[in-house]
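# Examination of the molecular architecture
Single-letter residue listing:
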Amino acid sequence: MAEGKAGGVREKLIAIKQAWAESRRLLTGERDPEHANRLPPGQRLVTNWPVLDLGVKPDIAKTDWRLTVDGAVANPISWDWAAYQAQPQVEDVSDIHCVTQWSRFDNRWSGVATSHLLSVVQPLPNANVVVLHGADGYTTNITLECFAGDDCLIAHAHDGVPLPRDHGGPVRAIIPRWYFWKSAKWLTRIEVLAVDKPGFWEVRGYHNEGDPWTEQRYN
Ligand SMILES: Nc1nc2c(c(=O)[nH]1)N[C@H]1C(S)=C(S)[C@@H](COP(=O)(O)O)O[C@H]1N2
Ligand SMILES: [Mo]
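Values in this document were obtained by computation on a predicted structure and should not be read as measured data.

Analysis parameters
Residues numbered from 1 in each chain as written. Chains lettered and ligands numbered in written order. Predicted model: local features only at pLDDT ≥ 70, side-chain atom pairs only at ≥ 80, totals over all residues. Heavy atoms only, no water. Phe/Tyr/Trp six-rings, centres within 6.5 Å; stacked < 30°, edge-to-face > 60°. Helix = DSSP H or I, 4+ residues; strand = E, 2+ residues; numbered from the N terminus. Buried < 20%, exposed > 50% of the residue type's maximum accessible area, 1.4 Å probe, protein only. Pairing = 2+ DSSP bridges. Axes fitted to C-alpha atoms, helices over the stretch in contact; angles between N-to-C directions. Contact = heavy atoms within 4.5 Å.

### Notes on the packing of aromatic side chains
Taken as a whole and assessed by the stated rule, the structure comprises eleven aromatic pairs. Taking 5.7 Å as the distance between ring centres and 75 degrees as the angle between the ring planes, the aromatic pair formed by W49 and W109 counts as edge-to-face. Here W49 is found in the loop between β1 (44–45) and β2 (67–71), whereas its partner W109 is found in strand β5 (residues 102–113), with 60 residues between them in sequence. Side by side, W49 and W109 carry an identical accessibility label, which is buried. Geometrically, the ring pair formed by Y179 and W181 is stacked, given 5.8 Å between the ring centres and 15 degrees between the ring planes.

Put into structure tokens, the structure is as follows:
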């Protein structure tokens, strides 16, 4: 597809999702804060794995990939593939809940725990938020507290298979407690900040947090 046409399709898709947020479509008004069910309100279970993004899928070779962590940290880093692989590796199984109403159970993620990454970079006392940056220009903000959760990973594999490009390979963030838009694909930069900075969807009507159990879909 020519860049102009692809750009047009992308703008249309963004406008549709933004309009849904404005009209508060997809909200059921139900709540399940105690997680009585495994499926949050308004979600349906899928066994495939849909691909959702802005339509630009960066093709990043592992040899070119870097992960920069900067901002309000004592020890900024820029890991190349070898440095990332040399960090302690963990696995965690979690469920995906996408704001467009699909959920996928039991995803086994492999990678580096965000708690480990934070122990390396050492956020300054005034640090409150992280902004995750994808190589496609996507951004999303998460409180440092949520990002530090023991189920959060900087992941390179899903169910034992290297993350395909469609799903954000070589490396993406996994933030299971929030809707999946917080899990940035093609992760290349983590900005640690004192003051919150809403990301791509957060400035287009999505909720600043994104708890599926209380349907924090829109702001
Ligand atoms: N870099 C980047 N990350 C992104 C997005 C994106 O457009 N770019 N889309 C988000 C949204 S809205 C969703 S639902 C999930 C989809 O991930 P998947 O394609 O692996 O299912 O990625 C999230 N992370
Ligand atoms: Mo999404």
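From this point on, the discussion continues.
### Details of the sheet that holds strand β6 (residues 129–134)
Hydrogen bonds along the backbone pair up the strands of a sheet, which may run parallel or antiparallel. Strand order across the open sheet formed by five strands is β3-β2-β11-β6-β7, with mixed pairing between neighbours. Single-partner strands in this sheet number two, and they are β3 (77–79) and β7 (139–143). Averaged over all neighbouring strand pairs, the angle between strand axes comes to 15 degrees, with direction disregarded. In this sheet, strand β11 (residues 187–193) lies alongside β2 in parallel orientation, the contact comprising four bridges. When the bridges of β11 are listed, V69 appears paired with I190. The sheet strands contacting helix α3 (residues 114–121) are β2, β3 and β11, and the helix crosses β3 at an angle near 130 degrees.

### Topic: the pairing of β6
Side-chain positions along a regular strand alternate between the two faces of the sheet. Burial analysis of β6 places six of its six residues in the buried class, the great majority of the element. Residues of β6 alternate between two faces, with V129, V131 and H133 on one and V130, L132 and G134 on the opposite face, all of them buried. Sheet topology places β6 next to β7; five bridges connect them, and they run antiparallel. Its bridge partner being in β7, V131 is matched across the sheet by N141. Between β6 and β7, which pair antiparallel in sequence order, lie four residues; one of them, G137, sits at a positive phi of approximately 95 degrees. Summarising the sheet, β6 and β11 pair through six bridges and their orientation is antiparallel. Within β11, the residue paired with V131 across the bridge is E191.

### Here we look at unusual backbone geometry
Note the cis peptide between G169 and P170, where omega equals 15 degrees. With respect to the helices and strands, the residue P170 is situated in the loop between β9 (161–162) and β10 (172–174). Although it is not a glycine, L26 adopts a positive phi angle of roughly 80 degrees. At W186, a residue that is not glycine, the phi angle is positive and equals roughly 45 degrees. By the secondary structure assignment, W186 is in the loop between β10 and β11. On the basis of relative accessible area, W186 is assigned to the buried category, the value being 1%.

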